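Reading the structure
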Amino acid sequence: MPKTTATADLADQVAEICARHAMAEGPMLPILHDIQADFGYIPEAAIPVVAKALNQTAAEVHGVMSFYHDFRSAPAGRRTVKICRAEACQAMGANDLADTAKARLGVDWHGTTKGGEVTLEPVYCLGLCACAPAAMVDGQVIGRVDDARLEAVFAEAGL
Ligand code: FES
């Protein structure tokens, strides 16, 4: 069956990324990072291209993707909220904060709200332990997060 233009374009773009890292030692992670940087996630159609370029199976590529939680298999929401789940933050109520966020958004970890407003992700220490509980909103760390601060973020996102 002939490939659609969009699929062929994606395959070409991914093949170009793979070629860029062909001489690198351990090229899988940099390739996946570059794909995610270009597309915002790792499209399913990219997997066989990466597998072929690295002479591995699609299952091996999937395995790496699922081991490293930063790789997405679907586009993220317009805002990404990461809540720290490491020890210092847990001791300061991060679990309750996460439960509140999940209930408010109606998603679990790695989930995105139906309208694509917010993606919720866990993170393991943001280096802001002294200001626990900590979170990261669109790449910016915030400390002493409480329900009200999270609610403000969600409201800004249009929820
Ligand atoms: S444990 Fe949460 S920022 Fe370090």
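Note that the structure is a prediction, hence the values are computed from the model and not measured. Residue numbers here run from 1 along each chain, matching the order of that chain's written sequence. With the structure being a predicted model, the display of local features is reserved for residues of pLDDT at least 70 and the display and counting of side-chain atom pairs for 80 or more, all residues being used for whole-chain, interface and lining totals. Water and hydrogen atoms were dropped before computing side-chain values, which therefore reflect all heavy atoms in the structure.

Quick notes on the environment of His110
Short version of the rule: Labels follow the DSSP assignment, with helices taken as runs of H or I lasting at least four residues and strands as runs of E lasting at least two, numbered in each case from the N terminus. When accessible area is computed with a 1.4 Å probe and restricted to protein chains, residues below 20% of their type maximum are described as buried, those above 50% as exposed, and intermediate ones as partly exposed.
For His110, the location among the structural elements is in the loop between α6 (94-105) and β2 (118-123). In this structure His110 comes out as partly exposed when scored by relative accessible area, which is 39%. On a C-alpha basis, the gap between His110 and Asp138 in space is 14 Å, while along the polypeptide they are 28 residues apart.

Quick word on the UniProt feature "binding site: [2Fe-2S] cluster" (unreviewed entry) in the protein chain
The line we're drawing: UniProt positions are given in the numbering used here, feature names are shortened, and annotations may be inferred rather than shown by experiment.
Residues given the UniProt feature "binding site: [2Fe-2S] cluster" (unreviewed entry) here are Cys84, Cys89, Cys125 and Cys129. Separation in sequence by 46 residues is not matched in space for these annotated residues, since their most distant C-alpha atoms are only 9.3 Å apart. Structurally, Cys125 is set in the loop between β2 and β3 (135-137). Overall, Cys125 belongs to the partly exposed group, its relative accessible area being 38%.

Here's the deal with the sheet that holds β2
Under the convention used in this document: When DSSP finds at least two bridges between two strands, those strands are taken to pair. Whenever a helix is involved, its axis is fitted only over the stretch in contact; in every case the axis is a line through C-alpha atoms, and angles between N-to-C directions fall within 0 to 180 degrees. We call two residues in contact when some of their heavy atoms are within 4.5 Å.
Pairing is mixed across the open sheet formed by 4 strands, whose spatial order is β2-β1-β3-β4. In this open sheet, the two strands that pair with only one neighbour each are β2 and β4 (140-142). With strand direction ignored, the average angle separating the axes of adjacent strands in the sheet is 25°. Relative to β4, β3 is paired through 3 bridges, and the arrangement is antiparallel. Of the residues in β4, the one forming a bridge with Met136 is Val141. Of the strands in this sheet, β1 (79-84) and β2 are in contact with α6, which crosses β1 at around 150°. Its contacts with the sheet put helix α7 (residues 147-156) on β1, β2, β3 and β4, and the angle it makes with β1 is roughly 165°.

A short note on helix α1 (residues 5-20)
The condition that has to hold: Expected span of a helix: the number of residues minus one, times 1.5 Å. Throughout, the arc means that of the directions going from the helix axis to the C-beta atoms.
With 16 residues, α1 ought to run about 22 Å at 1.5 Å a step, and its terminal C-alpha atoms sit 22 Å apart, in line with that. Within α1 the residues assigned to the buried category are Leu10, Ala11, Val14, Ile17 and Cys18. Buried residues of α1, viewed axially, fall in a sector of 125°; they line one side. Within α1, the exposed residues directed more than 90 degrees away from the buried face are Thr5, Asp12, Glu16, Ala19 and Arg20. Packing partners of the buried residues in α1 comprise α2 (28-39) and α3 (46-54).

A look at the side chain of Lys82
You can see Lys82 is positioned in strand β1. With residues near it in sequence (within four places) discarded, Lys82 still touches Asp70, Glu121, Val123, Ala135 and Met136.

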